[in-house]
Amino acid sequence: MMPDRLKILNIWVDAVTRETAIEKVRSFLLRGDRPHTILASNPEKNFSVPADPVLYRVFERADLLLPDGIGMVFAARCLHGVRLKRVPGSEFIFDICRLARAEDRGVFVYGATEAVNAAACRKLTQRFAGLRIAGRSNGYVPSSEMDGLIDAINRSQAEILFVALGSPRQEKWLAEHAGRLTRVKVCQGVGGTLDTIAGTVKRAPRIWCDYNLEWLYRLLKEPKRIQRQKLLPVFAFKLLAAWASN
Ligand code: UDP
């Protein structure tokens, strides 16, 4: 396990900044021996990861676990006295695209509906002129056609793969298929980020993010997220209990 990996209750988070995280991605690309996985670590995973052996294995073996939300930043401070800043996966995808353009590494974008995927790819190439999108696919490929998709990713020669199937679907996809990727050196699970890039789902305005209230904004916009967010107080309670017994 990496020395800068912090244990947070049932899961882990890496003590990285945006800068050190992108340095890691650079090193993964240089090493290039296998697909390195990048996942977001957040309070919801504290409950989903231990409940599912496949998810647990992928998560534990991930090469980079981003402090995706304020919950993990708070937890790292509380349990380890480590001051982290958020590195949201939905923003880190842009850092990776910038690096991909600078080093001319091809990118494959897999996930979301056909319209969202196409629009997100368009937006990415507009924002990062010169970025090479080597291939793309929507996220609704039936399992009978999965061999064809793996083949397409390998033939595209993409070295970076964004998997945007939501969690835990994308982690399970990586568990099952990452071993068959012959050229990919970096895979990031980006959840619903293509929807925000395409503009079909709005990210919280800056001010909400600055006050660490992005979670509240998303809850107000999508009340059905209460199912997931109701675990947040449980996480906070467990955190306090762990802190008190430290
Ligand atoms: N999705 C997909 N294939 C599926 C199911 C979902 O590509 O079989 C996509 C869906 O279109 C959306 C994303 O996965 O773009 C789900 O995002 P969600 O917000 O649920 O994920 P989170 O960011 O919360 O992990």
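Further up the page is the structure itself.
Residues numbered from 1 in each chain as written. Predicted model: local features only at pLDDT ≥ 70, side-chain atom pairs only at ≥ 80, totals over all residues. Heavy atoms only, no water.

Draft legend 1. Structural context of the overall build of the chain. On a plain count of helices and strands, the chain comes out with 13 helices and 8 strands. Computed over the C-alpha atoms, the radius of gyration of the chain is 18 Å, within 12% of the 18 Å expected from 2.2 N^0.38 for a compact globule of 246 residues. Counting only C-alpha atoms and orienting by the principal axes, one finds that the chain spans roughly 55 × 40 × 35 Å. In the chain, once contacts between residues fewer than 6 apart in sequence are set aside, the share between residues at least 24 apart is 75%. When the accessible surface of the chain is totalled, it reaches about 12,200 Å², and 55% of it is carbon and sulfur. Side chains of the chain give 38 positive and 25 negative charges; the mean places of these two sets differ by 4 Å. (Helix = DSSP H or I, 4+ residues; strand = E, 2+ residues; numbered from the N terminus. Rg over C-alpha atoms; globule rule 2.2 N^0.38 Å. Contact = heavy atoms within 4.5 Å. Areas by Shrake-Rupley, 256 points an atom, 1.4 Å probe, with all protein chains shown as cover. Lys, Arg positive; Asp, Glu negative; His and termini not counted. Charge placed at Lys NZ, Arg CZ, Asp CG, Glu CD.)

Draft legend 2. Focus on the nonpolar core. One finds Ile8, Tyr110, Leu149, Ile153, Leu161, Trp173 and Leu181 to be the most contacted residues of the largest nonpolar core, which totals 38 residues. The dominant element in this core, judged by the number of residues it contributes, is helix H4 (residues 70-80), at 6 residues. Ignoring sequence-local partners within four residues, the contact set of Trp173 consists of Tyr110, Met146, Leu149, Ile150, Ile153, Leu161, Val163, Leu165 and Ala178. Leu64, Val87, Ile96 and Val116 belong to the second largest nonpolar core, which has 35 residues in total. (Core = buried A, V, L, I, M, F, W, Y, C linked by side-chain atoms within 4.5 Å. Buried < 20%, exposed > 50% of the residue type's maximum accessible area, 1.4 Å probe, protein only.)

Draft legend 3. Main features of the sheet that holds strand S6 (residues 133-137). Judged by pairing direction, the sheet is parallel, and its 6 strands sit side by side in the order S4-S3-S8-S7-S5-S6 without closing on themselves. Either end of the sheet is taken by a strand with one partner, and the two such strands are strand S4 (64-67) and S6. The sheet shows a mean angle of 15° between the axes of neighbouring strands, direction not considered. As defined by bridge partners, strand S3 (residues 36-41) adjoins S4 across 4 bridges and the pair is classed as parallel. (Pairing = 2+ DSSP bridges. Axes fitted to C-alpha atoms, helices over the stretch in contact; angles between N-to-C directions.)

Draft legend 4. Geometry of the packing of aromatic side chains. Scanning all chains against the criterion turns up 5 aromatic pairs. Relative to Trp173, the ring of Tyr110 lies with its centre 5.1 Å away and its plane at 55°, an arrangement referred to as tilted. Of the two residues, Tyr110 sits in strand S5 (residues 107-111) while Trp173 sits in helix H8 (residues 169-177), which places them 63 residues apart along the sequence. Using a relative accessible area of 2% as the deciding quantity, one classes Tyr110 as buried. An aromatic cluster is built from Trp12, Tyr56 and Phe59, whose rings are joined through pairwise contacts. (Phe/Tyr/Trp six-rings, centres within 6.5 Å; stacked < 30°, edge-to-face > 60°.)

Draft legend 5. Region of interest: a nonpolar patch on the surface. Taken together, the side chains of Ile207, Tyr211, Leu213 and Trp215 present a nonpolar region at the surface, about 420 Å² in accessible area. Counting through the fold element by element, Trp215 comes out in helix H11 (residues 214-221). Trp215 sits in the partly exposed class, given a relative accessible area of 36%. (Patch = residues over 30% accessible without salt bridge, like charges linked within 9 Å, V, L, I, M, F, W, Y side chains within 5 Å. Salt bridge = Lys/Arg side-chain N within 4 Å of Asp/Glu carboxyl O.)

Draft legend 6. Focus on the pattern of salt bridges. Counted according to the given criterion, the structure contains 18 salt bridges. One salt bridge in this structure joins Arg180 and Asp147, with 2.6 Å as the shortest N-O distance. Here Asp147 lies in helix H7 (residues 146-156) and Arg180 lies in the loop between H8 and strand S8 (186-189), a separation of 33 residues in the sequence. A cluster of three or more residues bridged by salt bridges with shared partners is formed by Glu23, Arg26, Glu103, Arg105, Glu159 and Lys185.

Draft legend 7. Representation of the site of the ligand. Around the ligand sit 14 residues in total, of which Ala112, Gly139, Gly192, Asp195 and Arg228 are the nearest. Measuring from an oxygen atom of the ligand, one finds a backbone N or O atom of Ser167 at 3.2 Å. Separating an oxygen atom of the ligand from a backbone N or O atom of Gly192 is a distance of 2.8 Å. Across the complex, the protein chains shield 74% of the 550 Å² of accessible surface that the ligand would expose by itself. The residue makeup of the shell around the ligand, split by class, is 4 nonpolar, 7 polar and 3 charged. (Near = heavy atom within 4 Å. Polar contact = N/O pair within 3.5 Å; in protein donor to acceptor, adjacent residues only side chain to side chain. Nonpolar A, V, L, I, M, F, W, Y, C, P; charged D, E, K, R; others polar.)

Draft legend 8. Summary view of the packing of H4 against helix H13 (residues 231-244). At a minimum axis distance of 10 Å, the contact between H4 and H13 shows a crossing angle of 10°. Relative to H13, the element H4 lies roughly parallel. Across the interface between the two elements, Gly71, Met72, Phe74, Ala75, Cys78 and Leu79 of H4 pack against Phe235, Leu239, Ala242 and Trp243 of H13. Each residue belonging to the contact of H4 with H13 can be placed in one class, and the counts come to 9 nonpolar, 1 polar and no charged. (Parallel < 35°, antiparallel > 145°, perpendicular 65-115°, else oblique.)

Draft legend 9. Just helix H5 (residues 89-103), in detail. Taking 1.5 Å per residue, 15 residues should reach 21 Å; H5 reaches 21 Å between its end C-alpha atoms and fits that length. For H5, the set of buried residues is Gly89, Ser90, Phe92, Ile93, Phe94, Asp95, Ile96, Cys97, Leu99 and Ala100. Once H5 ends, the next one or two residues include Asp104, with phi positive near 50°. (Expected span 1.5 Å × (residues − 1).)

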